[in-house]
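Here's the letter readout for the chains.
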Amino acid sequence: MKKRLLAVLLVSAMSLGLLAGCGDDGAQTPGEGGEQATNEGGAAEKYQVGFSIAMRDQFWTSMENAMKPFAEENNIDLSILDANQDVATQLGQVQTWAADGYDAAVIGLANNDSAEDVLAAAGDMKVVFVNRQPNLDVLKDGQVVYVGTDETLYGTEQGNYLAKLFEADGKTEVNIAMFTGTLGLDNVTKRTNSAKAALEANGIKANYVFENTAEWDRGKAMDQFSQFMGTGETVDAVICNNDEMALGVIEAMKTNGDKTVFCPVVGIDATDVGCAAVKAGDMACSVFQDPVAQGEGTLKCALGLIKGEAIDGLVDNYYNITPQLVTKDNVDNFIK
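Please read all numbers here as calculations on a predicted model, not as lab measurements.

Chemist: Give a detailed account of the overall build of the protein, specifying residues and quantitative values.
Modeler: Helix and strand content of the protein: 10 helices and 13 strands. A sequence separation of at least 24 residues applies to 69% of the contacts in the protein between residues at least 6 apart. Accessible area for the protein stands at about 15900 Å²; split by element, carbon and sulfur atoms hold 50% of it.

Chemist: Which residues make up the sheet that holds strand 6 (residues 173–180), and what are the values?
Modeler: Sheet strands pair by backbone hydrogen bonding; their relative direction is either parallel or antiparallel. Read from one edge of the open sheet, four strands run 7-6-8-9, paired in parallel fashion. Each edge of the open sheet carries a strand with a single partner, namely strand 7 (205–213) and strand 9 (265–266). Bridge count between strand 6 and strand 8 (residues 237–240): four bridges; the pairing is parallel. Its bridge partner lying in strand 8, Phe179 is registered against Cys240.

Chemist: Please give an account of unusual backbone geometry that cites residues and values.
Modeler: Even without being a glycine, Asn84 presents a positive backbone phi close to 55°. By the element assignment, Asn84 lies in the loop between strand 2 (76–82) and helix 3 (87–99). With phi around 50°, Asp316 is a residue other than glycine that occupies positive phi space. Accessibility expressed as a relative area gives 70% for Asp316, which makes it exposed.

Chemist: For the packing of aromatic side chains, give the residues involved together with the corresponding values.
Modeler: Each pair of aromatic rings is reported with the distance of its centres and the angle of its planes. Under the criterion given, the structure shown has 10 aromatic pairs. Ring centres of Tyr146 and Tyr318 lie 5.1 Å apart, and the angle between their planes is 85°; this geometry places the pair in the edge-to-face category. You can see Tyr146 sitting in strand 5 (residues 144–148) and its partner Tyr318 sitting in strand 12 (residues 318–320), a full 172 residues away along the chain. Take Tyr146 and Tyr318: they sit in the same class, and that class is buried. On the numbers, 6.3 Å between centres and 25° between planes, the contact of Phe225 with Phe262 is stacked. Of this pair, Phe225 sits in helix 7 (residues 218–229) while Phe262 sits in the loop between helix 8 (243–255) and strand 9, placing them 37 residues apart in sequence. Here Phe225 falls in the buried class, since its relative accessible area comes to 0%. Among the residues examined, Phe262 registers a relative accessible area of 41% and is labelled partly exposed.

Chemist: How would you summarise the pattern of salt bridges if you had to cite specific residues and measurements?
Modeler: All chains considered together, the criterion is met by 13 salt bridges. Close ionic contact of Lys220 with Glu215 constitutes a salt bridge, the shortest N to O distance being 2.4 Å. Here Lys279 ties to Asp332 by a salt bridge, and the two come within 2.7 Å at their closest N and O atoms. Of the two residues, Lys279 sits in helix 9 (residues 272–280) while Asp332 sits in the segment after strand 13 (324–326), which places them 53 residues apart along the sequence. Taken together, the shared-partner salt bridges connect Arg56, Glu64 and Lys68 into one network.

Chemist: So, helix 7: which residues are in play, and what are the values?
Modeler: Helical geometry: 3.6 residues make up each α-helical turn, so side chains three or four residues apart lie on a common side. When the terminal C-alpha atoms of helix 7 are compared, their 16 Å separation across 12 residues agrees well with the 16 Å that a helix rising 1.5 Å per residue should span. For helix 7, the full list of buried residues reads Ala221, Gln224, Phe225 and Phe228. Within helix 7, the buried residues cover an arc of 95° as seen down the axis, which keeps them to one side. Check the buried side of helix 7 and you find it contacts strand 6, strand 7, strand 8 and helix 8.

Chemist: How would you summarise the side chain of Gln158 if you had to cite specific residues and measurements?
Modeler: Mapped onto the secondary structure, Gln158 falls in helix 5 (residues 152–168). The exposure class assigned to Gln158 is buried, which follows from its relative accessible area of 0%. Within polar-contact distance, the side chain of Gln158 engages the backbone oxygen of Cys240 at 2.9 Å. Once residues lying within four places of it in the same chain are set aside, the contact partners of Gln158 are Ala195, Ile239, Cys240, Val266, Gly267, Ile268 and Val287.

Chemist: Could you give an account of the environment of Thr89, with specific residues and numbers?
Modeler: Relative to the assigned elements, Thr89 resides in helix 3. On the accessibility criterion, Thr89 (34% relative accessible area) is partly exposed. Along the primary structure Thr89 and Ala110 are separated by 21 residues, whereas in three dimensions their C-alpha atoms are 9.0 Å apart. Sequence-distant contacts of Thr89, that is, excluding residues within four places in its chain, are made with Asp82 and Ala83. At a separation of 2.7 Å, a polar atom in the side chain of Thr89 contacts the side chain of Asp86.

Calculation rules
Residues numbered from 1 in each chain as written. Predicted model: local features only at pLDDT ≥ 70, side-chain atom pairs only at ≥ 80, totals over all residues. Heavy atoms only, no water. Helix = DSSP H or I, 4+ residues; strand = E, 2+ residues; numbered from the N terminus. Contact = heavy atoms within 4.5 Å. Areas by Shrake-Rupley, 256 points an atom, 1.4 Å probe, with all protein chains shown as cover. Pairing = 2+ DSSP bridges. Buried < 20%, exposed > 50% of the residue type's maximum accessible area, 1.4 Å probe, protein only. Phe/Tyr/Trp six-rings, centres within 6.5 Å; stacked < 30°, edge-to-face > 60°. Salt bridge = Lys/Arg side-chain N within 4 Å of Asp/Glu carboxyl O. Expected span 1.5 Å × (residues − 1). Arc of directions from axis to C-beta. Polar contact = N/O pair within 3.5 Å; in protein donor to acceptor, adjacent residues only side chain to side chain.

In structure tokens form, the structure reads like this:
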């Protein structure tokens, strides 16, 4: 009997030793959806989030830079890829993350119309759309949200600002040059139409003597406006869908003709170089599109979706960030 009891105790001791050997020895075991086991003390879990940016320019890079410290502080492994404005490339990135068990994907849409395809590629991953607004019908409680600003507000700020300048000069009819981003994008349509609507609402009759896409690009805007100036057509202001195109127009003015910025040029984003141009008096105004708030907001929403927690500031799956007009009077508040 004693021998039998001894054997039982020995087996029990060996079993406990094996269990201890399978315990936390510092190794990490991937969990479902990319989560990882943690060391002693109940440390926070690790999450994997992919970020597909629409295109790499100063604004998206600023957003990316804002996300990195937030990710580090909140135990997020962040994978950042450039879709280069190509839908197929973006879908491939999302499919790869889904196959690799990522917890969430943050998407700056290469094309606003591709949101449903992105969601199909994402499978069970949580999805946060940022900056480029999809059809809001695709948003879903606990699964899909949008972080950004009502795009019509950017153009409205531009139009209202110019209307005040024209009114001060006694102008009720003006010639406008309009530079838009890539045609077909939702934000391009909204920024352009809202600027026009704001001028009209303020009693300004605008003749659009030039209107074309420069695809967000400074060099293309410079070349196009240089050609436009060669026509001899007069213009009272230039409205651009982003700062980069506005800077291209300004460069064209400063390298052609009398080499001066001869009319107000307005942009959107208030990037570092855009703010510098406003401070120098070259760009009349910009409208601040906050890359830090958008970058941190996306990860805040992604984390909330992953954990199944309420997200402060999220209303009807829309995390809204208010734009701000930037002029020479307040530009110092926006210069880093």
